[in-house]
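Geometric and topological summary
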Amino acid sequence: MSDTSAPQQLLRKLGARHLNMIAIGGSIGTGLFLASGSTIASAGPGGALLAYALIGLMIYFLMTSLGELATHTPTSGAFFTYGSRYVESGFGFALGWNYWYNWAITVAFELVAVQFIMKFWFPDLPGFYWSAIFLAVIFGINALTVKGFGESEFWFSMTKVVAIVIFIIIGIFMIVKVMLTPDVSAFSNWTKGDAPFVGGLQAMIGVAMIAGFSFQGTEMVGVAAGESKDPKKTIPIAIKQIFWRILLFYILCIFIIGTLISYDNPLLLHAAESKDIALSPFTLLYEKAGFAFAASVMNAVILTAILSAGNSGMYSSTRMLFDMAKQGRAPKWFAKLDPRGVPMNALYATTAVAALCFLTTFIGEQEVFNWLLNMSGMCGFIVWLGIAISHYRFRKGYLAQGYRLEDLAYRAKFFPFAPWFAFILCSIIILGQNYQALMGGKIDWIGLISTYISIPLFLVIWLGYKWKHKSKLIAYQDMNVKPGE
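My aim in this report is to walk through the structure given alongside it, one point at a time. Given the structure is predicted, the values throughout are model-derived calculations rather than measurements.

The rules behind these values
- Residues numbered from 1 in each chain as written.
- Predicted model: local features only at pLDDT ≥ 70, side-chain atom pairs only at ≥ 80, totals over all residues.
- Heavy atoms only, no water.
- Helix = DSSP H or I, 4+ residues; strand = E, 2+ residues; numbered from the N terminus.
- Buried < 20%, exposed > 50% of the residue type's maximum accessible area, 1.4 Å probe, protein only.
- Contact = heavy atoms within 4.5 Å.
- Expected span 1.5 Å × (residues − 1).
- Phe/Tyr/Trp six-rings, centres within 6.5 Å; stacked < 30°, edge-to-face > 60°.
- Lys NZ or Arg CZ within 6 Å of the ring centre and 35° of its normal.
- Axes fitted to C-alpha atoms, helices over the stretch in contact; angles between N-to-C directions.
- Parallel < 35°, antiparallel > 145°, perpendicular 65-115°, else oblique.
- Left-handed = near helix turned anticlockwise from the far one by under 90°.
- Nonpolar A, V, L, I, M, F, W, Y, C, P; charged D, E, K, R; others polar.
- Core = buried A, V, L, I, M, F, W, Y, C linked by side-chain atoms within 4.5 Å.

Counting secondary structure elements, the protein contains 17 helices and 0 strands. Here the protein holds 485 residues, and 60% of them are scored as buried. Taking the contacts inside the protein whose residues are at least 6 apart along the sequence as the reference set, 83% of them involve residues at least 24 apart.

See the structure below:
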């Protein structure tokens, strides 16, 4: 007997402040707090700044494309729905499963990262316990109503924003103080040795990949559109603010780190490799400013960032699986909602994949960490490619059927340059993501498989669906471009 009290649709409970903070939280993670130092060490302050600027521009273009799609058709299925409607049903099917797998794996990755972070305070306690505790917390938050998720993510993101704003203020103060000191150049690290560009184009490509990992998550605002109170109003606001967040949180932070810490400082290079919070560029600058407690404070902030990323990842993957099931692209069991409007069955499935974090009990923590990072990273770039392709074809079909651009609730600028730019740059990053595995005379097959396994997996799902259902590319005239909820 079915539960007649259970809602049949996701409840629209996310307000403007929730969407804004989800957009912020998605763009601030461990990549910025830990990996930003190694990017400067690898490519120099100028190379790192240019790479982050290019990737930031690509992300902004992608989010404007997603904004146009999400305001026109707000749905938790986002990429799956848009790929199915505007490209080809098999393409959308593969995108949906890819996105669910991406964030389910990312939750597992973040839970492994928790083990590294907690060793700072509890070096002798097995990491298995911390992963179990944090998995239970993330599951509990997502088992609440969607408003409960929105409130938790609001405060998680607020903590990260406050930490970065304080960092920027202290950094600017330190730069100004140096500039006011006679015979001392504030920008000496930009002219030292091979700076501002170190390692040439090869280093730039490597840094661009790291920058891409750091930005993954900004697309979550598209998934959250399905539970937004007023998507036509709140999503454009969130999308427009992403540009300034990228400029403030990434470009300005990289500039400050590159200005105040020399690129050849060995601590920068080892920060991401060792997962030691004491080597984070944020910690190094706090200590340079005279704050002895910097390591403990930043450890707490990064722990919050990890919890936020895992929380958002669990939410996004659960909603994607729910929407696919609702449209007949996943078992119907996952489309069931409980009386509070939460897709618990989809949440159980996602939690089961996130439990891969417990592989660290049988395999080394570092090995599991690297494998999960590589697998989730490639899936993220595939999603971005899907957004660019879907938006380009949507706009073409929208105009081909006689609709006016003026009638769009939100119109992305710089079309068609923006989706083409994002598509080309994203493709370059995907192809060059682990070119080092082919260098040195001996091919690193394990590295290649862990990095690129998501591509053949995506193609198998896509082509398998295409072969079974005989799906074809949708003609512009046949697209469903009518605005809908």
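Continuing now.
The end-to-end C-alpha distance of helix H7 (residues 200-215) is 23 Å, a good match for the 22 Å that 16 residues give at a rise of 1.5 Å each. One or two positions beyond H7, positive phi appears at glycine 217, with a value near 120°.

Right, let's talk about the environment of methionine 298 for a bit. Position of methionine 298 among the secondary structure elements: in helix H12 (residues 294-326). Sequence-wise, methionine 298 and threonine 283 are 15 residues apart; in three dimensions their C-alpha atoms are separated by 6.4 Å.

Attention shifts here to the packing of aromatic side chains. A full pass over the atoms with the stated rule returns 28 aromatic pairs. Here phenylalanine 91 and phenylalanine 458 contribute two aromatic rings whose centre-to-centre distance is 6.1 Å and whose plane-to-plane angle is 90°, an arrangement assigned as edge-to-face. In this pair, phenylalanine 91 is assigned in helix H4 (residues 89-118) and phenylalanine 458 in helix H17 (residues 454-469), connecting sequence segments 367 residues apart. According to the relative accessible area criterion, phenylalanine 458 is buried, its value standing at 9%. Joined through ring pairs, the aromatic side chains of Tyr60, Phe61, Phe414, Phe417 and Phe421 make up one cluster. We note arginine 395 situated over the ring of phenylalanine 415; from NZ or CZ to the ring centre the distance is 4.6 Å.

Below, the discussion takes up unusual backbone geometry. Looking along the chain, the bond that leaves phenylalanine 415 and enters proline 416 is cis, with omega of 5°. Within the secondary structure, proline 416 is located in the loop between helix H14 (365-400) and helix H15 (417-431). Although it is not a glycine, phenylalanine 414 adopts a positive phi angle of roughly 60°. Relative to the helices and strands, phenylalanine 414 resides in the loop between H14 and H15. Phi at lysine 470 is positive, roughly 55°, even though this residue is not glycine. Looking at the secondary structure, you find lysine 470 in the segment after H17.

This next bit is on the packing of H12 against helix H13 (residues 344-354). One can describe the packing of H12 onto H13 by two numbers: an axis separation of 9 Å at closest approach and a directional angle of 125°. On the basis of their axis angle, the class for H12 and H13 is oblique. Handedness of the crossing formed by H12 with H13: right-handed. In contact with Met314, Ser317, Thr318, Leu321 and Phe322 of H12, H13 contributes Ala346, Leu347, Ala349, Thr350 and Thr351. Taken together, the residues of the contact of H12 with H13 break down into 6 nonpolar, 4 polar and no charged.

This part is about the packing of helix H11 (residues 281-288) against H12. Put simply, H11 and H12 touch, their axes get as near as 9 Å, and they point 150° apart. For the element pair H11 / H12, the angle class is roughly antiparallel. In the packing of H11 onto H12, the handedness of the crossing is right-handed. Facing Phe282, Thr283, Tyr286 and Glu287 of H11, the residues of H12 in contact are Ala294, Ala295 and Met298. Residues of the contact of H11 with H12, tallied by class, amount to 5 nonpolar, 1 polar and 1 charged.

Here the focus is the nonpolar core. Membership of the largest hydrophobic core comes to 139 residues, with the highest contact counts inside it found for Met58 and Trp384. Considering every element that reaches this core, the biggest residue donor is H4, with 21 residues. Apart from the residues lying within four places of it in its own chain, the contact partners of tryptophan 384 are Met58, Ile59, Leu62, Gly212, Phe215, Gln216, Glu219 and Cys426.

Moving on to the side chain of histidine 391. Take histidine 391: it is sitting in helix H14. Apart from the residues within four sequence positions on either side, histidine 391 is in contact with Ser65, Glu68, Leu69, Ala412, Phe415 and Pro419.

That's the geometry; what it means functionally is another story.
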